[in-house]
Amino acid sequence: MDIIPKVAELNLILQKTNLDIATVHPAVNGVLDTITKARSGNTYYQKQFKVQKTDDKVLFKDVELIFDDNSIECSRQIRNDFCTNLSKKIGDRFPDTMTINKFSFLGMRPLSFLSQEDQEHYGEQEISELAEFYGSPKEGKLGKIDPILDADSTKLEWKTVKTLVMNQQYRRANTQELWKTIHTFHSETVPNVITLARI
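Quick caveat, the model's predicted, so the values are computed rather than measured.

With that out of the way, let us pick up the overall build of the protein. On a plain count of helices and strands, the protein comes out with 10 helices and four strands. Counted from the first residue to the last, the protein has its helices and strands arranged as α-α-α-β-β-α-α-α-α-β-β-α-α-α. Counting all 199 residues of the protein, 30% fall into the buried class. For the protein, long-range pairs separated by at least 24 residues make up 58% of all intrachain contacts whose partners lie at least 6 apart in sequence.

Spelled out as structure tokens, the structure:
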């Protein structure tokens, strides 16, 4: 009862037409944290059951539930199996949410609230890490995979993109629409950063 709402919340976030990538990491962590609590019996509803539990029954939302040692063990096993399988599925689907979260800076939403100096440094670490990752050759199952962008050019283009966005006063409420605009008017100026944004 505690886990399903968190999973539903994550599903709704992922179904949004204009997904804010920054919301994925905390939403995934919210599900995983709830699973951890469920394993140890510390979710909200589990605590409610313990408070209202007597020797062989519990009154929950005006419904009397009767149980014995066998049913308790059976429900515990079902819960553990469910938690284990769900954790695995989430791990398979989101192997590294921190990497996903690194792309959130591309929305550039905080720029207007930063000082000139902070604007210049905004996103530098993230762009550097992503540029090095996608700008380096990789070894795949089918052999060598070439870089999809130039790392050094990407870092330089990032400074240009920030200046363009601020000078042109592009709207940043919608990350997808922002990058459509950048692609439409500046694809020849910042091709590497646009490639990164497409990922």
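Now that the structure is up, let's keep going.
Moving on, we get to the environment of Ala-27. On the secondary structure map, Ala-27 appears in helix H2 (residues 24-39). Since its relative accessible area comes to 10%, Ala-27 is described here as buried. When the C-alpha atoms of Ala-27 and Asn-11 are compared, they prove to be 9.3 Å apart, with 16 residues separating the residues in sequence. Once you skip the residues sitting within four places of it in the chain, Ala-27 turns out to touch Leu-10 and Ile-13.

Taken as a whole, this structure holds four salt bridges when the rule is applied. Notably, a salt bridge pairs Asp-92 with Lys-88, separated by 3.0 Å at the nearest N-O pair. With a gap of four residues between them, Asp-92 and Lys-88 both fall in helix H4 (residues 69-93), about one helical turn apart. Here Asp-92 and Lys-88 have matching classes, each one exposed. Residue Glu-132 is joined to Lys-155 by a salt bridge in which the shortest nitrogen-to-oxygen separation is 2.6 Å. Of the two residues, Glu-132 is situated in helix H7 (residues 124-134) and Lys-155 in helix H8 (residues 151-168); the sequence distance between them amounts to 23 residues.

Here we come to the side chain of Arg-172. In this structure, Arg-172 sits in the loop between H8 and helix H9 (175-186). At 3.0 Å, the side chain of Arg-172 forms a polar contact with the backbone oxygen of Met-108. Here the side chain of Arg-172 touches Ser-112 through a polar contact of 2.6 Å, side chain to side chain. Dropping the residues within four chain positions of it, Arg-172 is found in contact with Gly-107, Met-108, Arg-109, Leu-111, Ser-112, Val-165, Met-166 and Leu-178.

Examined against the element boundaries, Gln-77 turns out to sit in helix H4. Residue classification places Gln-77 among the partly exposed positions, given a relative accessible area of 39%. There is a polar contact of 2.9 Å between the side chain of Gln-77 and the side chain of Asp-81.

The terminal C-alpha atoms of H4, which comprises 25 residues, lie 36 Å apart, in line with the 36 Å expected from a rise of 1.5 Å per residue. Of the residues making up H4, those classed as buried are Cys-83, Leu-86 and Ile-90. Those residues of H4 hidden inside the fold are in contact with helix H1 (3-14) and H2.

Cut-offs used in this document
Residues numbered from 1 in each chain as written. Predicted model: local features only at pLDDT ≥ 70, side-chain atom pairs only at ≥ 80, totals over all residues. Heavy atoms only, no water. Helix = DSSP H or I, 4+ residues; strand = E, 2+ residues; numbered from the N terminus. Buried < 20%, exposed > 50% of the residue type's maximum accessible area, 1.4 Å probe, protein only. Contact = heavy atoms within 4.5 Å. Salt bridge = Lys/Arg side-chain N within 4 Å of Asp/Glu carboxyl O. Polar contact = N/O pair within 3.5 Å; in protein donor to acceptor, adjacent residues only side chain to side chain. Expected span 1.5 Å × (residues − 1).

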